[in-house]
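The residues making up each chain are set out below.
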Amino acid sequence: MWETTAWAAIEESNTRRPNIVIIIADDLGYGDLGCYGASAIPTPNIDQLCRSGLKLNRCYATASTCTPTRYSMLTGEYAFRERVRKTSILDGDSPLAIDPARPTLPSILREAGYHTALVGKWHLGIGDGVKRVDLNQFVGPGPLEIGFDEAFYIPATVDRVPCVFIENHAVAKLDPQDPISISYTKPVGTEPTGRDHPELLKYRGDKQHSDTIINGISRIGYMTGGQAARWTDEDISDVLANRAKQVIAAPREKPFFLLLGAHDPHVPRLPHPRYVGKSGCGRRGDCIVQFDALVGEVVAALKAANILDETLIFITSDNGPVLHDGYDDGALETVGEHRPAGPLRGGKYHVYEGGCRVPGIVHWPGKVALGESEELFALVDLPATLPRLAGVKNLPANLGADALDLSPVLLGEKATAPRQHVILQGVGPGRAIVGPRWKFLPATHQDRRSAAQRNADRQDRRHVDVPVYADALYDLTVDASETNNLAAKNPEVVSSLRQELARGLGEEWAEMSTGGAD
Ligand code: NG6
Ligand code: CA
């Protein structure tokens, strides 16, 4: 009977479509996991996935900070192209950075019949930019307007107000008798700040991190009200794990897509007490152990639901690592021999490899070739790549043009049309272009430092050498640590990469100058 045949066809295509889980850590470095060479931090759950999956050795976050990387991961477009909506590091009261009219990774999957869920860090703004979002009313437009069916999320960063979770279109657990108000410009309410009451702090923050104290941590920005809705930092990872498990265990006919944005190991670093001291390198390491446990919980939930084998898991990070990031949490002092970026130079905020090259682990039993891949892959490719793996034949014509379908790379095969280069976005004017062999960083600043200062900056473990002061060219095949500048010796390579970068950056290139910016 034709009905039976039709059903069979649907059934068959359904069973072939994997669930998709992206677990994206916040500020996790290329050297922070056991499977990427860390020895001081036990990450057994992730290492196990890596052993039974694929390890990408050239996976790039398209930026060295959160918002632009996440923007490109969802839209398929480099964030520097977005000329209207701000896509640098957003505050907790910034409007939505993604135009709801454009296709996104979740909206494409939703169209293809997936249930789409966001749990955890968002950091892409809320609101239409016309009217300020009132956290006591409808909280949106946000994730639900750009393709998610459900969302339980951290609006910006955990060091920024508002320190509450948003569930779909409302602040979770908000008591209407205790309305929330926040500001990034002027104090609101009467609660103590870190500036005035350092004695109330678990540890001190710098100037920017010294506004309202919440749970013993002074934040960026002021907040009053919403007591019942405030998160407890030590419980955030557990809260996210429980939400992720609910998404995984919910009975439904459709496959699902879960974007799980962890907070760890971003600041403030307050691991749950059961992880304190569990790494050999202080709080930051303990937070990575906690992140590994979160991954373990997701895997356990998938196993319990008997769907681990039909789920594609992708583990990555939004940008490279940083030790001191605004709080005196001891990260610098306790890091010991651990190298968060592994052998790579720089970290968060940099266009050096340490800022943008991140872990990339793909797990999909029976589908992904085991082992390692040296192919270039960028998180901006996910909106073209994952839908293909989900069986989507035709991607929307207006999908961000920077996304390449690199499904062969995620399957561990050699790409027939490989990525030739990735453009990396640092803070301010920092930009770089990286290919399979060469990496070019154009000078964007004038070096006014003394030789002694220059040397001190180079040694500084807080990675203060953010600006690139002279054109730099590195051969990554022999110098992954970007120490030997070959620009002067290879003018023709510099010139062709400069052109490539200019072409990639488009109108932005014209606005960039090589002199004087600080
Ligand atoms: C910076 C914060 C830093 C962190 C970062 C965002 C200061 C001095 N530093 O502005 O602590 O929150 O923004 O990190 O304010 S990201 O990973 O979300 O991009
Ligand atoms: Ca980040």
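In what follows, the structure referred to is the one given above.
The text that follows walks through the structure, step by step, so that each part is easy to find.

### Some details on the nonpolar core
In this structure, Leu74, Trp122, Leu258, Phe291, Phe314 and Leu382 are the most contacted members of the largest nonpolar core, which totals 109 residues. The dominant element in this core, judged by the number of residues it contributes, is helix 6 (residues 282-304), at 10 residues. Ranked by size, the runner-up nonpolar core spans 30 residues in total, among them Leu424, Trp438, Phe440 and Val468.

### Considering the coordination of the calcium ion (ligand 2)
Within the protein, the atoms that donate to the calcium ion (ligand 2) are Asp26 (OD), Asp27 (OD), Asp318 (OD), Asp318 (OD) and Asn319 (OD1), at distances of 2.1 to 2.7 Å. Here the calcium ion (ligand 2) is ringed by 6 donor atoms whose angles at the metal span 52 to 172°, and the overall shape comes out irregular. Sequence spacing among the residues donating to the calcium ion (ligand 2) works out to D-D-x290-D-N. Just as Asp318 is buried, Asn319 falls in that class too.

### Here we look at the pattern of salt bridges
Throughout the structure, instances matching the rule amount to 31 salt bridges. Lys414 serves as the salt-bridge partner of Glu375, at 3.0 Å between the closest nitrogen and oxygen. Taken together, the residues Glu375 in the loop between strand 14 (371-373) and strand 15 (377-378) and Lys414 in the loop between helix 10 (407-410) and strand 16 (422-425) connect sequence positions 39 residues apart. Among the residues examined, Glu375 registers a relative accessible area of 12% and is labelled buried. Residue Lys414 is classed as exposed on the basis of its relative accessible area of 67%.

### Overview of empty space enclosed by the protein
A full pass over the atoms with the stated rule returns 5 cavities of 30 Å³ or more. When its volume is computed, the largest cavity comes out at roughly 80 Å³. In this structure, the largest cavity is lined by 15 residues; those nearest its centre are Asp233, Ile236, His263, Asp264 and Gln290. Broken down by secondary-structure element, the contributors of at least two residues to the lining of the largest cavity are helix 5 (236-249) and helix 6. Across the lining of the largest cavity, the residue classes tally to 9 nonpolar, 3 polar and 3 charged.

### Side note on helix 5
Taking 1.5 Å as the rise per residue, helix 5 with 14 residues should run 20 Å; its terminal C-alpha atoms sit 20 Å apart, in good agreement. For helix 5, the set of buried residues is Ile236, Ser237, Leu240, Ala241, Ala244, Val247 and Ile248. Along the long axis of helix 5, the arc covered by the buried residues comes to 130°, so they all point the same way. Residues of helix 5 that are buried sit in contact with strand 3 (115-121), strand 4 (150-154), strand 11 (256-261) and helix 6.

### Points about the site of ligand 1
If you check the shell around ligand 1, you find 21 residues, and the closest are Cys66, Asp159, Arg160, His209 and Lys348. Lys348 is positioned with one of its side-chain polar atoms (N or O) 2.7 Å from an oxygen atom of ligand 1. Considering ligand 1 on its own, with 450 Å² of exposed area, one finds that the protein chains cover 88% of that surface. Among the residues making up the shell around ligand 1, the classes are represented as 5 nonpolar, 7 polar and 9 charged.

### Description of the sheet that holds strand 16
Hydrogen bonds between backbone atoms are what pair the strands of a sheet, whose relative direction is either parallel or antiparallel. Pairing within the open sheet is antiparallel, and its 4 strands lie in the order 16-17-18-19. The open sheet has two free edges, formed respectively by strand 16 and strand 19 (472-475), since each of these has just one partner strand. If you compare each strand with its neighbour and ignore which way they point, the axes differ by 15° on average.

### As for the pairing of strand 16
Residue alternation in strand 16 divides its side chains into two sets, Val422 and Leu424 and Ile423 and Gln425, and both sets are buried. Here strand 16 pairs with strand 17 (residues 431-434) via 4 bridges, running antiparallel. Each bridged residue has a counterpart across the sheet, and for Gln425 the counterpart in strand 17 is Arg431. Linking two consecutive strands that pair antiparallel, namely strand 16 and strand 17, is a turn of 5 residues; a positive phi of about 55° is found at Gly428 within it.

Conventions we followed
Residues numbered from 1 in each chain as written. Chains lettered and ligands numbered in written order. Predicted model: local features only at pLDDT ≥ 70, side-chain atom pairs only at ≥ 80, totals over all residues. Heavy atoms only, no water. Core = buried A, V, L, I, M, F, W, Y, C linked by side-chain atoms within 4.5 Å. Buried < 20%, exposed > 50% of the residue type's maximum accessible area, 1.4 Å probe, protein only. Helix = DSSP H or I, 4+ residues; strand = E, 2+ residues; numbered from the N terminus. Donors = N, O, S within 2.8 Å, 3.2 Å for Na, K, Ca; no water. Tetrahedral: all angles 85-135°; square planar, octahedral: opposite > 155°, others 65-115°. Salt bridge = Lys/Arg side-chain N within 4 Å of Asp/Glu carboxyl O. 1 Å grid on protein atoms, 1.4 Å probe; cavity = no way out; pocket = protein on both sides within 12 Å on 5 of 7 lines; lining within 4 Å. Points joined across faces, edges and corners; volume = space filled by probe spheres on them. Nonpolar A, V, L, I, M, F, W, Y, C, P; charged D, E, K, R; others polar. Expected span 1.5 Å × (residues − 1). Arc of directions from axis to C-beta. Contact = heavy atoms within 4.5 Å. Near = heavy atom within 4 Å. Polar contact = N/O pair within 3.5 Å; in protein donor to acceptor, adjacent residues only side chain to side chain. Areas by Shrake-Rupley, 256 points an atom, 1.4 Å probe, with all protein chains shown as cover. Pairing = 2+ DSSP bridges. Axes fitted to C-alpha atoms, helices over the stretch in contact; angles between N-to-C directions.

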